Amino acid sequence: PCWLTLDPDTFSKHYTPNQQRGVLLVQLRAFSGPSPPRSQLTFPAVETYELRTFLYCARDLPAADKSGTSDPFLILKACGQEMKSAVKKKTNNPDWNEVLKKTLELPRDNKSLSPNIFMHVFDWDQMGSNTLMGSALIGMPEIPIYTGSNPDILTNPSILTFDLQLGEKHVG
């Protein structure tokens, strides 16, 4: 099985920019010859986790305002849940120093079945809609899980850095 991210239908009357697209957990198989017996479908057993995102900073974000700066904030999407950072005004190098927390249900025995985490940086606009500045994603299996038997995760965390992309373009 694998998670597939749905592409939005930009021609739909229900389409709105930056909407949650959704994910599907599917497994495809092709068979040659006689059909094998049908297998039972069961959703993988899940466990509850608290995802903690330690959001430190961003650097070299593109200017989105006439002043040559931006008002960036981050939206993190995972498993149908959403977290939002504070807006940092008039900067291309925001320092957030925030912890974003959310409870998620993930497959118990196979973290590779977990969907990706999407991070989107927007420029906040007082009038009109916010502007997407760039996005990054990480697979859930890349995130260390604290189990109680690995306290080094708490005292010596690994810091992951991401390049922001806007389409195929590197933006920060």
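The structure we're discussing is the one just above.
Quick caveat, the model's predicted, so the values are computed rather than measured.

A. Structural context of the packing of aromatic side chains. Counted by the stated rule, this structure contains 1 aromatic pair. Considering the side-chain rings of Phe73 and Phe122, the 5.6 Å spacing of their centres and the 20 degrees angle between planes classify their relative orientation as stacked. Residue Phe73 is located in strand S4 (residues 72–78), and its partner Phe122 is located in strand S7 (residues 117–123); the two are separated by 49 residues in the primary sequence. Phe122 matches Phe73 in its accessibility class, with the two residues each being buried. The ring centre of Phe73 lies 4.8 Å from the NZ or CZ of Lys84, which sits over that ring.

B. Up close: the nonpolar core. With 22 residues, the main nonpolar core has Leu51, Leu74, Leu76 and Ile117 as its most contacted residues. At the level of secondary structure, the elements contributing two or more residues to this core comprise strand S3 (46–57), S4, strand S6 (95–107), S7 and strand S8 (131–138). If you tally residues by element for this core, the top one is S6, at 4 residues. Discounting chain neighbours no more than four positions away, the residues touching Leu51 are Leu76, Ala78, Met83, Leu100, Lys101, Lys102, Leu104, Ile117 and Ile143.

C. Broad picture of the side chain of Ser85. Following the sequence through the fold, Ser85 ends up in the loop between strand S5 (81–84) and S6. At a separation of 3.2 Å, a polar atom in the side chain of Ser85 contacts the side chain of Trp96.

D. Summary view of the pattern of salt bridges. Scanning all chains against the criterion turns up 2 salt bridges. Note that Glu50 is salt-bridged to Arg52, the shortest N-O span being 2.5 Å. Of the charged contacts in the structure, one is a salt bridge between Arg59 and Asp95, with a shortest N-O distance of 2.7 Å. Taken as a pair, Arg59 in the loop between S3 and S4 and Asp95 in strand S6 lie far apart in primary sequence, 36 residues in all.

E. Highlighting the side chain of His120. Note that His120 resides in strand S7. Polar contacts involving the side chain of His120 include one to the side chain of Ser135, which spans 2.7 Å. The residues contacting His120, other than those within four sequence positions of it, are Phe73, Leu74, Ile75, Lys77, Leu132, Gly134 and Ser135.

F. Here's a closer look at unusual backbone geometry. Of note in the backbone geometry, Cys79 takes a positive phi value of approximately 55 degrees without being a glycine. Topologically, Cys79 is positioned in the loop between S4 and S5. The residue Asn97 is not glycine, and still its phi comes out positive at about 50 degrees. Its place among the elements puts Asn97 in strand S6. Of the residues examined, Asn97 reaches a relative accessible area of 59% and is grouped as exposed.

G. Broad picture of a nonpolar patch on the surface. A cluster of nonpolar side chains, namely Phe54, Tyr56, Val99 and Ile159, defines an oily patch on the protein surface of about 410 Å² accessible area. Looking at the secondary structure, you find Tyr56 in strand S3.

H. Quick look at the pairing of S5. When S4 meets S5, the two strands line up antiparallel, connected through 4 bridges. For Leu76, the partnering residue across the bridge sits in S5 and is Met83. Hairpin connection between S4 and S5: a loop of 2 residues separates the two successive antiparallel strands, and Cys79 in this loop has a positive phi of roughly 55 degrees.

I. Region of the structure containing the environment of Gln126. By the secondary structure assignment, Gln126 is in the loop between S7 and S8. Owing to a relative accessible area of 66%, Gln126 belongs among the exposed residues under this scheme. With 55 residues separating them along the chain, Gln126 and Asp71 place their C-alpha atoms 9.9 Å apart.

Cut-offs used in this document
- Residues numbered from 1 in each chain as written.
- Predicted model: local features only at pLDDT ≥ 70, side-chain atom pairs only at ≥ 80, totals over all residues.
- Heavy atoms only, no water.
- Phe/Tyr/Trp six-rings, centres within 6.5 Å; stacked < 30°, edge-to-face > 60°.
- Helix = DSSP H or I, 4+ residues; strand = E, 2+ residues; numbered from the N terminus.
- Buried < 20%, exposed > 50% of the residue type's maximum accessible area, 1.4 Å probe, protein only.
- Lys NZ or Arg CZ within 6 Å of the ring centre and 35° of its normal.
- Core = buried A, V, L, I, M, F, W, Y, C linked by side-chain atoms within 4.5 Å.
- Contact = heavy atoms within 4.5 Å.
- Polar contact = N/O pair within 3.5 Å; in protein donor to acceptor, adjacent residues only side chain to side chain.
- Salt bridge = Lys/Arg side-chain N within 4 Å of Asp/Glu carboxyl O.
- Patch = residues over 30% accessible without salt bridge, like charges linked within 9 Å, V, L, I, M, F, W, Y side chains within 5 Å.
- Areas by Shrake-Rupley, 256 points an atom, 1.4 Å probe, with all protein chains shown as cover.
- Pairing = 2+ DSSP bridges.

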